[in-house]
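Here is what each chain is made of, one letter per residue.
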Amino acid sequence: MTRRGGFVKQLTGRGSLLWGDRWTGDLVLIACWATYRGGTQVFRLSDIGDGFREGCRIVSTSKSVGKSSADVDVIVVGAGIAGMYAVHTLRQRGLRVQGYESASGVGGTWYHNRYPGARCDIESLDYSYSFSEELQQDWEWSERYATQPEILSYLEHVAERFDLNRSFQFDTRIASATFDESTSRWHVVTEGNDQASAKFCIFATGCLSAANLPDIAGRDDYTGESYHTGQWPHDGVDFGGKRVGVIGTGSSGIQSIPLIAESAEHVYVFQRSANYSIPAGNHPLAPEARHESKANYAERRRLSWMSGGGSPFTPYPKRAMEVDDAERTRVYEEWWKRGGVLFGKAFPDQTASIEANDTARRFAEAKIRELVHDPEIAEALTPKDHPIGTKRIVTDDGYYETFNRDNVSLVDLRKAPIDRITADGIKTSAEDFELDMIVYATGFDAMTGSLNRIDIRGRGGRQLGSEWSAGPRTYLGLGVHGFPNMFIVTGPGSPSVLSNMVLAAEQHVNWIANCLDYMAEHGAETIEASAEAVETWVEECNDRASATLFPIANSWYMGANIPGKPRVFMPYIGGFGVYGQILREVAEAGYKGFELDGAVAP
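Quick look at the structure, then. The structure presented is a predicted model; accordingly, all values stated were derived computationally and were not measured.

## Side note on the overall build of the chain
- On a plain count of helices and strands, the chain comes out with 16 helices and 26 strands.
- Residues classed as buried in the chain amount to 59% of the 602 residues present.
- Intrachain contacts of the chain at a sequence separation of at least 6 include 68% that bridge at least 24 residues.

## Considerations on the pattern of salt bridges
- Counted under the stated rule, the structure contains 34 salt bridges.
- In this structure, arginine 392 engages aspartate 121 in a salt bridge whose closest nitrogen and oxygen atoms are separated by 2.8 Å. Within this pair, whereas arginine 392 is found in the loop between helix H10 (375–380) and strand S16 (394–396), its partner aspartate 121 is found in the loop between helix H2 (109–112) and helix H3 (133–138), the two being separated by 271 residues in sequence.
- By relative accessible area, aspartate 121 is classed as buried at 15%.
- A salt bridge links arginine 144 to glutamate 123; its shortest N-O distance comes to 3.1 Å. Of this pair, arginine 144 sits in the loop between H3 and helix H4 (148–161) while glutamate 123 sits in the loop between H2 and H3, and the two are 21 residues apart along the sequence.
- For arginine 144, a relative accessible area of 11% puts it in the buried group.

## Focus on the pairing of strand S21 (residues 437–440)
- Neither face of S21 is open: one carries Met437 and Val439, the other Ile438 and Tyr440, and all of them are buried.
- Examined bridge by bridge, strand S12 (residues 225–228) and S21 share 4 bridges and lie parallel to one another. Residue pairing in the sheet places histidine 228 in a bridge with tyrosine 440 of S21.
- Where strand S13 (residues 243–247) meets S21, 4 bridges bridge the pair, whose relative direction is parallel. By the bridge assignment for S21, valine 246 is matched with valine 439.

## Regarding the sheet that holds S12
- Strands sit in the order S12-S21-S13-S14-S17 across an open sheet of 5 strands; the sheet is parallel. Where the open sheet ends on each side, the last strands, each with one partner, are S12 and strand S17 (408–412). Between one strand axis and the next, the sheet turns through 20° on average, direction left out of account.
- Of the pairings in the sheet, the one linking strand S14 (residues 266–271) to S17 comprises 5 bridges and is parallel in character. Across the sheet, the residue bridging to glutamine 271 is aspartate 412, located in S17.
- Those strands touched by helix H5 (residues 251–263) are S13, S14, S17 and S21, and its axis lies near 170° from that of S13.

The rules behind each value
Residues numbered from 1 in each chain as written. Predicted model: local features only at pLDDT ≥ 70, side-chain atom pairs only at ≥ 80, totals over all residues. Heavy atoms only, no water. Helix = DSSP H or I, 4+ residues; strand = E, 2+ residues; numbered from the N terminus. Buried < 20%, exposed > 50% of the residue type's maximum accessible area, 1.4 Å probe, protein only. Contact = heavy atoms within 4.5 Å. Salt bridge = Lys/Arg side-chain N within 4 Å of Asp/Glu carboxyl O. Pairing = 2+ DSSP bridges. Axes fitted to C-alpha atoms, helices over the stretch in contact; angles between N-to-C directions.

The quantities given are spatial measurements derived from coordinates; they are silent on function.
Given below as structure tokens:
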């Protein structure tokens, strides 16, 4: 019986086995039939991983362990797609893992975002784990673009299939995480004052999990129903016969408005800035189509890992201005039918050249005019403030057509901004709107919000939020200088939200797991991104972003939706496949750019 990174020995005369952890020096008793008392240490029940599940039950660890106190190898914060995979992978490596999740179950963003119309903009067959061939062959997706309930069902199935829930403490929000330099361990405290320590701390807190509720005057004076799309009631909301105001026209607003309008008496859409949205082209997946896709899953995944965004699609081989008008229109029509965010990737220079972008913009604007009957409303729904694709293109189902309904009104906040929220509704500079319900479709404090809500402190008591006061600074999106043995999954400085987040999570977790193996094999106690590596990577990310049109837009990629947040383009825009190659090269060079035990790795 073996376990990575430690040793197992027989406890003579006790009919027991002891596990020695190379990271902590702790002893763990493994036995089906006995407990062990030695000195003042009392061994208590604990489960330390999958490695000993066959033939015996793990009975104890050398320190008192319970809900209020735990000492493990790795703490994982978050039970979304990334956190679930981190727990599974690290347990398979034989590490003791404790996960924490503020929600009552797994799913992350798909647990909370239950608003009507919530749907992924990555195809179902791609927005799924690739680590298990049996899983991807067994699961049957019903639609091309899955809805929130189906995605959550899938994630709950994964949690049950791989027995992940036992490693998470749910309904638990982390208040602080502090690195103890004397022991090289992370100490975590929850809001309920539960405590835990670990050699490593992995933040899988999600990029779109910190809901942004706008600070509008009078917001708390409103006496009707109010909801945020990112904190939607689990038992649903009844819109029937009600006057509903929706603030925001990002993804959640655009996806929910058509369904709200089906039963509401009237829907008032309060739009500050228009967004580009493209029909999903969604359809049920026929059995024969699913069978064909599964038969070719290996190739589909190979193309995805090599691609710019983690999906098996590549742009047209020529630049937009290298073809004539007829061919360019044909390509745009093809990619429009593919649906949603993919339209922004039709030509390779579409978000790098304003001339190329203008051709895509004009095509999309003509589509808006076709779908919306009233020319004035169509004009108001046409974005004026950003090149197409530099804010995330929304994947919708009948959004523009909804404005042809008699019970839907567009309120242009650029012409008449919200003055305040009253007890009865919303007052703009031009009109009072009496409402039975307000829906805040105002998005998230993206990429850094969930981390900034935790008091994370590294060497010398430095605080992560303060270190990032001018914008996030990471190496590869994984490590932060001054915060040893801490990893961020799909964080700023990685492709993250510009890619398929499931494969992005697998990419990061696999890299982290291999890194921990490397450290164990080389006797390293800590790993930390060097200051020089962080500086170089931040410059690399900024240079790549500056070569595109993305910084022009006041997008949540830039943090522009949060008042006072530094305006910095946060993801790595060089491409998912390119980034994966960089990760491999860093690892192959002995984790170049990271300091192991205080010495820069070769």
